[in-house]
Amino acid sequence: MECTVQTSPPTLPWYREVSRTQWKSFFAAWIGYVLDGFDFVLITLVLTEISDDFGLSTVQAAGLVSGAFITRWLGGAVLGAIGDRYGRKLSMVLSIMLYSLGTFACGFAWDFHSLFAARLAIGMGMAGEYSASATYVMESWPARLRSRASGFLISGFSVGSVLAAQVYTWVVPSLGWRWMFYLGLIPIAVALWMRRALPEAGEWADAVADEESRPSPFRPLFVTRGRAVANTVLVVAATLSLFLIFVPGGDGLVPVLSVVAGLALAAFAVQLGGKRSRLLYVSMIVTLFFAFLYSWPIQALLPTYLKTELGYSTGQVTDVLYFAGFGTMAGCWAAGFLGDRIGARKAYALTLLASLAFVYPVFAVRDNLLLLGCLLFLLQATSFGISGLLPRYIGGHFPTTSRGAALGFTYNVGALGGAVAPVLGAHLASGMDLGQALAVLTFAGTVIVVLLIGFDVPARLNRLTDPDGPRDHLAAPAPAPAPAPSREPETADRAGSAVASAYG
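The rules behind the values
- Residue numbering note: each chain is counted from 1, following its sequence as written.
- pLDDT decides what is reported in this predicted model: residues at 70 or higher carry local features, side-chain atom pairs at 80 or more are listed and counted, and totals for whole chains, interfaces and linings draw on all residues regardless.
- Heavy atoms from the whole structure form the basis of all side-chain values; hydrogens and water molecules are not counted.
- Under the DSSP-based scheme used, a helix requires at least four consecutive residues in state H or I and a strand at least two consecutive residues in state E, with every element numbered from the N terminus.
- Residue exposure ignores everything except the shown protein chains as possible cover, and the areas themselves are Shrake-Rupley values with a 1.4 Å probe.
- Only protein chains enter the accessibility calculation, which uses a 1.4 Å probe. A residue is then buried if its area is under 20% of the maximum for its type, exposed if over 50%, and partly exposed in between.
- Polar contact criterion, stated in full: a pair of N or O atoms within 3.5 Å, where within protein one must be able to donate a hydrogen and the other to accept it, and residues adjacent in sequence count only if both atoms are side-chain atoms.
- Only heavy atoms matter for contacts: two residues are in contact if any of them lie within 4.5 Å across the pair.
- The aromatic pairing rule takes the rings of Phe, Tyr and Trp, using the six-membered ring of Trp, and pairs them if the centres are within 6.5 Å, calling planes under 30 degrees apart stacked, those over 60 edge-to-face and the rest tilted.
- For the purposes of this section, nonpolar cores are sets of buried Ala, Val, Leu, Ile, Met, Phe, Trp, Tyr and Cys residues that join through side-chain atoms within 4.5 Å.
- What pLDDT conveys is the predictor's confidence in a given residue, as a value from 0 to 100.
- Salt bridges are identified by distance alone: a Lys or Arg side-chain nitrogen within 4 Å of an Asp or Glu carboxyl oxygen.
- Simply put, an axis is a line fit to the C-alpha atoms, just over the touching stretch for a helix, and the angle between two N-to-C directions goes from 0 to 180 degrees.
- Note on terminology: angles under 35 degrees are roughly parallel, angles over 145 are roughly antiparallel, angles of 65 to 115 are roughly perpendicular, and the others are oblique.
- All residues other than Ala, Val, Leu, Ile, Met, Phe, Trp, Tyr, Cys, Pro, Asp, Glu, Lys and Arg, Gly among them, are scored as polar; the first ten of these are nonpolar and the last four charged.
- Less than a right angle of anticlockwise turn of the near helix away from the far helix marks a crossing as left-handed, whereas a clockwise turn marks it as right-handed.
- Put simply, a patch holds well-exposed residues, over 30% relative accessible area, that have no salt bridge, with like charges counted together within 9 Å and Val, Leu, Ile, Met, Phe, Trp or Tyr side chains within 5 Å.
- Any helix carries an expected span of 1.5 Å times its number of residues minus one.

## Focus: the overall build of the protein
So, step 1. Of regular secondary structure, the protein possesses 22 helices and 0 strands.
So, step 2. Total accessible area computed for the protein in this model is approximately 21,900 Å², and 65% of it derives from carbon and sulfur atoms.

Structure, rendered in structure tokens:
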């Protein structure tokens, strides 16, 4: 009697599950993110040179970092909505052109206000790039690898920051800070070349592309003429309030302006979310606000801290930034694997909790560059690097038809925490050392985010208004149950055997 041994088919390595076309799509989006990181980090590298040229105070200089955050909410929402309606590719190209032109314009700035205005354009483009690239890659890759897609993509920002630090050492000492911004034209050519023949994101193409009525995420804002007028006023009020908060003209009115901006943005969140998702939109924004508040004090003011308090030279600052950049990059890669293994939310919360062990030691080291670099590597890997899971975490809460606008709006309204962080850090530094101020903000913000994400607050609140909604819109669909085997043949065989026995 022959014995047949059944063997399961060999399991492919994960990278073989991603097709050639999907890898091409990923690298195109990743290159855009590298250039995005390069452009955005420039301002932190040349902040002291700009302050010397324009005679800026510490708070004004920090305001230039914050400037890009003021228009992010609008850019993220508008360019995200374009991605929902017309495709992720178009949104990516428009975004990168906008932030590249804004960076180029920074090189021609003649004072604080002209530079601030160019930073507004950078903010809008950067916001659109985040939502368009993130949705494009995740909707193109296999469902079970989407945390990896998210983490790998966000690592491009760190590569861009490391590249910017290296270019800074080559360009600024010999040519001056303006030439760093003139390089902003390069991303336009690279992005258009990389994205000229990309396919559209598969999930968007399947769910939306062939629909006769394309989604319009802003439709709730304009259902009546009265609402359209009211929301136009809210856009102006929010943008103007945010602008005045971060320029000297708003001195003395910051509390009032903050309330006006907050109420206007909350009104948009409630309307865009509708009856079912309004709590999700608001709670997601709050979570992301604190995520930026813990991570951006170091991102924005670390070079200033190293130059002013520790007295590091340009070369030493560059060396430290290498440690930070590579730490963030390694953290993004690790986050992708860990997120696919135990889930994005759990991976995010546990890794952030581990990062608390490194916050205060980083700012206790003063004269040992190698030790400072190693500690900063570990802090950035577990703190800023784990934010590589944010696109996967946020995107899973929203359906494909509105994911671009929802992710773009909630993430970039929450990103105002990044605008508040450097200014708040500068204010705290007036009463304590800058290093101590950065440590306090980072530690407190991290604890709050661990609680919000660890206890799944946005999803829990969403279930109050949408109890039957999917838990994760980006998860792989559950396999259909196997049909129960039919028992008719077995019954017939038994009947035949009984008849044979009776006549045997």
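Alright, that's what it looks like, and here's the rest.
## Regarding the side chain of Thr103
So, step 1. Assignment of secondary structure puts Thr103 in helix 5 (residues 88–106).
So, step 2. What makes Thr103 buried here is its relative accessible area of 0%.
So, step 3. Among the polar contacts listed, one links the side chain of Thr103 to the backbone oxygen of Tyr99, at a separation of 3.0 Å.
So, step 4. Among residues more than four places away in sequence, those in contact with Thr103 are Asp39, Leu42, Ile122, Phe181 and Gly184.

## Thoughts on the packing of aromatic side chains
So, step 1. According to the stated counting rule, one finds 29 aromatic pairs in the structure shown.
So, step 2. With a centroid separation of 5.9 Å and 85 degrees between ring planes, the pair formed by Phe54 and Trp177 is classed as edge-to-face. One end of the pair, Phe54, is in helix 2 (residues 47–54); the other, Trp177, is in the loop between helix 7 (146–175) and helix 8 (178–182), and 123 residues separate them in sequence. In terms of burial, Phe54 and Trp177 fall into one category: buried.
So, step 3. A ring pair is formed by Phe104 and Phe108, whose centres lie 5.2 Å apart and whose planes are at 75 degrees; its orientation type is edge-to-face.
So, step 4. Classification of Phe108 as partly exposed rests on a relative accessible area of 48%.

## Re the nonpolar core
So, step 1. Counting residues in hydrophobic clusters, the biggest one holds 142 residues, and the most contacted among them are Ile50, Leu64, Trp141, Trp296, Leu306, Ile394 and Phe409.
So, step 2. The residues contacting Trp296, other than those within four sequence positions of it, are Phe40, Phe69, Phe157, Phe384, Gly418 and Ala421.

## A word on the confidence of the model for the protein
So, step 1. With 89% of its residues at a pLDDT of at least 70, the protein reaches an overall mean of 84.
So, step 2. Per-residue pLDDT, averaged within each element of the protein, yields its smallest value for helix 22 (residues 488–502) (45) and its largest for helix 14 (residues 344–355) (94).
So, step 3. Taken as a whole, residues 1–9 scores under 50 in pLDDT and shows 0 contacts with residues more than four places along the chain or in a different chain.
So, step 4. Note that pLDDT drops below 50 for residues 490–504; the model gives that stretch 0 contacts with residues more than four away or on any other chain.

## Considerations on the pattern of salt bridges
So, step 1. On inspection of all chains with the given rule, the structure shows 11 salt bridges.
So, step 2. Arg403 is the partner of Glu139 in a salt bridge, and the nearest nitrogen-oxygen pair spans 2.8 Å. With Glu139 in helix 6 (residues 112–140) and Arg403 in helix 18 (residues 403–414), this residue pair connects regions lying 264 residues apart in the sequence.
So, step 3. Judged by its relative accessible area of 2%, Glu139 is buried.
So, step 4. For Arg345, the salt bridge goes to Asp456, with nearest N and O atoms at 3.8 Å. Of the two residues, Arg345 is situated in helix 14 and Asp456 in the loop between helix 20 (434–454) and helix 21 (457–465); the sequence distance between them amounts to 111 residues.
So, step 5. Owing to a relative accessible area of 14%, Asp456 belongs among the buried residues under this scheme.
So, step 6. If you follow the salt bridges from partner to partner, you end up with Asp84, Arg88, Glu139, Arg146, Glu203 and Arg403 in one network.

## Remarks on the environment of Leu407
So, step 1. Relative to the helices and strands, Leu407 is located in helix 18.
So, step 2. Overall, the relative accessible area of 0% leaves Leu407 in the buried class.
So, step 3. Residues Leu407 and Ala127, 280 residues apart in the sequence, show an inter-C-alpha distance of 9.9 Å.
So, step 4. With residues up to four places along the chain from it excluded, the contact list for Leu407 reads Tyr130, Ser131, Thr135, Pro391, Ile394, Gly395 and Asn412.

## Notes on the packing of helix 3 (residues 58–70) against helix 19 (residues 416–428)
So, step 1. Between helix 3 and helix 19, the shortest axis-to-axis distance is 8 Å and the interhelical angle comes to 175 degrees. The orientation of helix 3 relative to helix 19 falls into the category roughly antiparallel. Where helix 3 approaches helix 19, its residues Thr58, Val59, Ala62, Gly63, Val65, Ser66, Phe69 and Ile70 are matched on the opposing element by Leu416, Gly418, Ala419, Pro422, Val423, Ala426 and His427.
So, step 2. Within the contact of helix 3 with helix 19, the residues separate by chemical class into 10 nonpolar, 5 polar and no charged.

## Brief notes about the environment of Phe377
So, step 1. For Phe377, the position within the fold is in helix 16 (residues 369–382).
So, step 2. Taking the C-alpha atoms as reference points, Phe377 and Phe326, separated by 51 residues in sequence, lie 6.9 Å from one another.
So, step 3. The residues touching Phe377, leaving out its near neighbours within four places in the chain, are Phe323, Phe326, Gly327 and Ala330.

## A look at the packing of helix 1 (residues 20–45) against helix 5
So, step 1. Taken N-terminus to C-terminus, the directions of helix 1 and helix 5 make an angle of 25 degrees; their axes are 10 Å apart at the nearest point. Between helix 1 and helix 5, the interaxial angle falls into the category roughly parallel. Judged by the twist between their axes, the crossing of helix 1 over helix 5 is left-handed. Residue-level contacts link Ala29, Gly32, Leu35, Asp36, Asp39 and Leu42 of helix 1 to Met92, Ile96, Tyr99, Ser100 and Thr103 of helix 5.
So, step 2. Grouping the constituent residues of the contact of helix 1 with helix 5 by class yields 6 nonpolar, 3 polar and 2 charged.

## A short note on a nonpolar patch on the surface
So, step 1. A surface patch of nonpolar side chains, amounting to about 290 Å² of accessible area, comprises Tyr86, Leu90 and Leu94.
So, step 2. Along the chain, the position of Leu94 falls in helix 5.

## A closer look at helix 19
So, step 1. With 13 residues, helix 19 ought to run about 18 Å at 1.5 Å a step, and its terminal C-alpha atoms sit 18 Å apart, in line with that.
So, step 2. Residues of helix 19 that are buried include every one of Leu416, Gly417, Gly418, Ala419, Ala421, Pro422, Val423, Gly425 and Ala426, and no others.
So, step 3. Lining the buried residues of helix 19 we find helix 3, helix 11 (225–245), helix 12 (254–308), helix 18 and helix 20.

## Considerations on the side chain of Asn462
So, step 1. Examined against the element boundaries, Asn462 turns out to sit in helix 21.
So, step 2. Every residue in contact with Asn462, bar those within four places of it in the chain, is listed here: Arg276, Ser277 and Leu280.

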